[in-house]
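# Examining the three-dimensional arrangement
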Amino acid sequence: MDIVTAHDRPNTTAEAIEIQETLRGLVDREDRCPQQILTVTGLDVAYDEGSGLIAAAAVTLDTTDFRVVEKRTVVSEVSFPYEPGLFAFRELPPLLDALRALDHSPDLLVCDGHGLAHPRRFGLACHVGVVTGLPTLGVGKTRFIGKHGEPGRERGAKEPLVDDGEVVGMVLRTQDDVKPVYVSVGHKISLDNACRQVLRLSPAFRQPETTRQADRLCRAALKEAS
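The sections below set out a description of the structure shown in this document. (Residues numbered from 1 in each chain as written. Predicted model: local features only at pLDDT ≥ 70, side-chain atom pairs only at ≥ 80, totals over all residues. Heavy atoms only, no water.)

### Points about the sheet that holds strand S4 (residues 108–112)
Two modes of strand pairing occur in sheets, parallel and antiparallel, and in both the strands are linked by backbone hydrogen bonds. Strand order in the open sheet made by the eight strands is S3-S2-S1-S4-S5-S8-S7-S6, with mixed pairing throughout. If you trace the sheet from one side to the other, it starts and ends with strand S3 (68–77) and strand S6 (158–163), each paired once. In this sheet, adjacent strand axes meet at a mean angle of 25 degrees when their direction is disregarded. Alignment of strand S2 (residues 53–62) against S3, held across nine bridges, turns out to be antiparallel. Paired with Leu61 across the strands is Val68, a residue of S3. Packing of helix H5 (residues 209–225) onto the sheet brings it into contact with strand S1 (39–48), S2, S3 and S4, and relative to S2 it is tilted by some 145 degrees. (Pairing = 2+ DSSP bridges. Helix = DSSP H or I, 4+ residues; strand = E, 2+ residues; numbered from the N terminus. Axes fitted to C-alpha atoms, helices over the stretch in contact; angles between N-to-C directions. Contact = heavy atoms within 4.5 Å.)

In structure tokens, the structure reads:
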């Protein structure tokens, strides 16, 4: 997989914020997804704070039966400090290495994290999307910013996530009577389509199958490396 928008690794918080401010203007909120999304790659990371290691996983699934098409893991040392709002600079280097190792580019990327639902409207999903040029969405387990109402208790119920008067995501119930997830646009996909894809990828559990597979894979890689 090629990288279409490269940038230097920041050495300071100020440099990281400057990169976010520069790249956020490249985020495309329109649908550029293929009409038929046949393959989706899930991205996730796991940390071992004791050893300073981070494991990244990229798992591509066939959307018809959730069969694993290919998978890659990368384990490396954490190269950026813990800073709220700047997690992408910790997670992006190994995630991009895992993506580069894939033999085929998927139709869609799904990040375990946020996209536009970010203080500078440039969370991990936006960053990954802009750098790879691929349609990307974010699915967060917890709220990072914004306020919202409580969605209905049935699968598919949703409420807008609003920050400073702007809809930055959707609070989506993926299963009856389970906690909702926080869906936001990353790149080249609309919020409505992002929600449709998350529901499609979550036939039985709260989290999309892409995230569930990537989570297991990166945890296993980290355990082996540690």
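Resuming the write-up.
### Considerations on the environment of Arg219
The residue Arg219 is located in helix H5 in this model. Separated by 146 residues in the primary sequence, Arg219 and Thr73 place their C-alpha atoms 10.0 Å from one another.

### Concerning the packing of aromatic side chains
The final tally for this structure, using the stated rule, is two aromatic pairs. For the pair Phe80 and Phe89, a centre-to-centre distance of 5.7 Å together with 40 degrees between the ring planes defines the contact as tilted. Phe89 carries the same exposure label as Phe80, and that label is buried. Relative to Phe87, the ring of Tyr82 has its centre 5.2 Å away and its plane inclined at 45 degrees; by these criteria the two rings are tilted. Relative accessible area serves as the criterion here: at 55%, Tyr82 is assigned to the exposed category. Judged by its relative accessible area of 34%, Phe87 falls in the partly exposed class. If you follow Arg212 out to its NZ or CZ, it ends over the ring of Phe205, 3.7 Å from the centre. (Phe/Tyr/Trp six-rings, centres within 6.5 Å; stacked < 30°, edge-to-face > 60°. Buried < 20%, exposed > 50% of the residue type's maximum accessible area, 1.4 Å probe, protein only. Lys NZ or Arg CZ within 6 Å of the ring centre and 35° of its normal.)

### A look at helix H1 (residues 13–23)
Turning to H1, its buried residues number three or more, namely Ala16, Ile19, Gln20 and Leu23. All buried residues of H1 fall inside an arc of 100 degrees around its axis, so they share one side. Looking at H1, the residues exposed on the side facing more than 90 degrees away from the buried face are Ala14, Glu18 and Thr22. Packing partners of the buried residues in H1 comprise helix H2 (88–100) and helix H3 (124–132). (Arc of directions from axis to C-beta.)

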